Amino acid sequence: MDLAVSEPETPSEAAYRQLRDRLLAGGFPLTRRLGEERLAAMVGVSRTPVRHALIRLHGEGLVSRHQDGGYRPAIPDPEDITCLYEARRALEIGAIWAPTEAGRRHDRTALGELRDYWENLRSEQPPADAGFVAVDEDFHVRLAASAGNEVMVELLRSVNARIRVIRIHDFLSDDRIEQTISEHLDILRAVAADDPSTAERVFRAHLAKSKEVAEERALRAIARMARLD
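Residues numbered from 1 in each chain as written. Predicted model: local features only at pLDDT ≥ 70, side-chain atom pairs only at ≥ 80, totals over all residues. Heavy atoms only, no water.

### Regarding the packing of helix α4 (residues 78-101) against helix α9 (residues 196-228)
Move 1: Where α4 meets α9, the axes come as close as 10 Å, and the angle between the chain directions of the two elements is 160 degrees. In terms of orientation, α4 lies roughly antiparallel with respect to α9. The element α4 and its partner α9 pack so that their crossing is right-handed. Between α4 and α9, the residues in contact are Ile81, Tyr85, Arg88, Arg89, Glu92, Ile93, Ile96, Trp97 and Thr100 and Pro196, Ser197, Ala199, Glu200, Phe203, Arg204, Leu207, Ser210, Lys211, Ala214 and Glu215, respectively.
Move 2: Residue classes in the contact of α4 with α9 are distributed as ten nonpolar, three polar and seven charged. (Axes fitted to C-alpha atoms, helices over the stretch in contact; angles between N-to-C directions. Helix = DSSP H or I, 4+ residues; strand = E, 2+ residues; numbered from the N terminus. Parallel < 35°, antiparallel > 145°, perpendicular 65-115°, else oblique. Left-handed = near helix turned anticlockwise from the far one by under 90°. Contact = heavy atoms within 4.5 Å. Nonpolar A, V, L, I, M, F, W, Y, C, P; charged D, E, K, R; others polar.)

Here's what the structure looks like:
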């Protein structure tokens, strides 16, 4: 997955990025309809790119349907989020242990490629950006895939898609990007060393911190939106 931007940003991408970042910062009133015309003027594009951006944001769970039509900022359900994190934890710990329990090893080529990619990321130190959530998800999916169970991988992808509305808040500061990269490499080292106990311990701490930071920031953004009503 390449972090570099190789082509100029399209109007739809610009609208998506600006609206996403403002939603994450709590910059819209919580109950007010997100009118396309007003958003287009704010972003500096026509209504069509804004419409495409809102459809994309709805797919990611950052906006929900408004009773009068169109969209409004979404309010995540805390119970759903808790259940999704529990499911993710079970799937990923299962992927860490599965090869050992079956008397085999994780795919060494896949682990090596993943390690090289994240070592390069550590050298580059990418800046904080909500879009990093896709890079983070890619790590966890590829690590699970190296265990050799495609059903587990597909289930993890599904959970990631549903939990992204909260997880996206975790990558809005440079220290969280740096810590995430370091912890991913720690997990990889333990898995490559056939040490699932250490890999599980590091992963549990990694997941708990990510959940704590993401939920705290999401709640602050929702509180800011509520004050704007």
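Still to come is the rest of the account.
### Considerations on the layout of surface pockets
Move 1: In this structure, the second largest pocket occupies an estimated 230 Å³ of space.
Move 2: Along the walls of the second largest pocket sit 13 residues, with Gly61, Pro76, Ile81, Arg162 and Val165 positioned nearest its centre.
Move 3: For the lining of the second largest pocket, the secondary structure elements donating two or more residues are α4 and α7 (150-167).
Move 4: Residues of the lining of the second largest pocket, tallied by class, amount to seven nonpolar, two polar and four charged. (1 Å grid on protein atoms, 1.4 Å probe; cavity = no way out; pocket = protein on both sides within 12 Å on 5 of 7 lines; lining within 4 Å. Points joined across faces, edges and corners; volume = space filled by probe spheres on them.)

### Here we look at the packing of aromatic side chains
Move 1: Enumeration over the complete set of coordinates arrives at four aromatic pairs.
Move 2: Relative to tryptophan 118, the ring of tyrosine 117 has its centre 6.0 Å away and its plane inclined at 75 degrees; by these criteria the two rings are edge-to-face. By the burial criterion, tyrosine 117 is buried, and tryptophan 118 matches it.
Move 3: Looking at arginine 142, its charged tip hangs above the ring of tyrosine 117, at a distance of 6.0 Å from the centre.
Move 4: The side chain of lysine 211 reaches across the aromatic face of tyrosine 85, ending 5.6 Å from its centre. (Phe/Tyr/Trp six-rings, centres within 6.5 Å; stacked < 30°, edge-to-face > 60°. Buried < 20%, exposed > 50% of the residue type's maximum accessible area, 1.4 Å probe, protein only. Lys NZ or Arg CZ within 6 Å of the ring centre and 35° of its normal.)

### Comments concerning the pattern of salt bridges
Opposite charge on two side chains permits them to pair, given that their charged atoms come into close proximity.
Move 1: Scanning the entire structure with this criterion turns up 21 salt bridges.
Move 2: Here glutamate 9 ties to arginine 17 by a salt bridge, and the two come within 2.7 Å at their closest N and O atoms.
Move 3: A relative accessible area of 41% means that glutamate 9 is categorised as partly exposed.
Move 4: With a shortest N-O distance of 3.5 Å, arginine 108 and aspartate 194 are connected by a salt bridge. Here arginine 108, found in helix α5 (residues 108-124), pairs with aspartate 194, found in the loop between α8 (174-192) and α9; they are 86 residues apart in sequence, far enough to count as distant.
Move 5: Taking relative accessible area as the criterion, arginine 108 reaches 31% and is therefore assigned partly exposed.
Move 6: Ionic contacts of the salt-bridge type, sharing partners, join the residues Asp136, Glu137, Arg164 and Arg167 into one network. (Salt bridge = Lys/Arg side-chain N within 4 Å of Asp/Glu carboxyl O.)

### Observations regarding the nonpolar core
Move 1: Of all hydrophobic cores here, the largest spans 63 residues; its most connected members are Leu19, Leu54, Leu57, Trp118, Phe132 and Leu143.
Move 2: Take this core: its biggest share by element is eight residues, from α9.
Move 3: Not counting the four nearest positions on each side in its chain, phenylalanine 132 is found in contact with Trp118, Leu121, Pro126, Phe171, Ile177, Thr180 and Ile181. (Core = buried A, V, L, I, M, F, W, Y, C linked by side-chain atoms within 4.5 Å.)

### Focus: the side chain of histidine 106
Move 1: Locating histidine 106 in the fold gives a position in the loop between α4 and α5.
Move 2: Separated by 3.0 Å, the side chain of histidine 106 and the backbone oxygen of alanine 95 make a polar contact.
Move 3: Setting aside residues up to four positions removed in sequence, histidine 106 forms contacts with Ala95, Ile96, Pro99, Leu111, Leu143, Ser146, Ala147 and Val191. (Polar contact = N/O pair within 3.5 Å; in protein donor to acceptor, adjacent residues only side chain to side chain.)

### Looking at the confidence of the model for the protein
Move 1: The pLDDT averaged across the protein works out to 93; a share of 97% of its residues lies at or above 70.
Move 2: With pLDDT under 50 throughout, residues 1-5 is counted as low confidence; its partners more than four residues away or in other chains account for eight contacts. (pLDDT = per-residue confidence, 0-100.)

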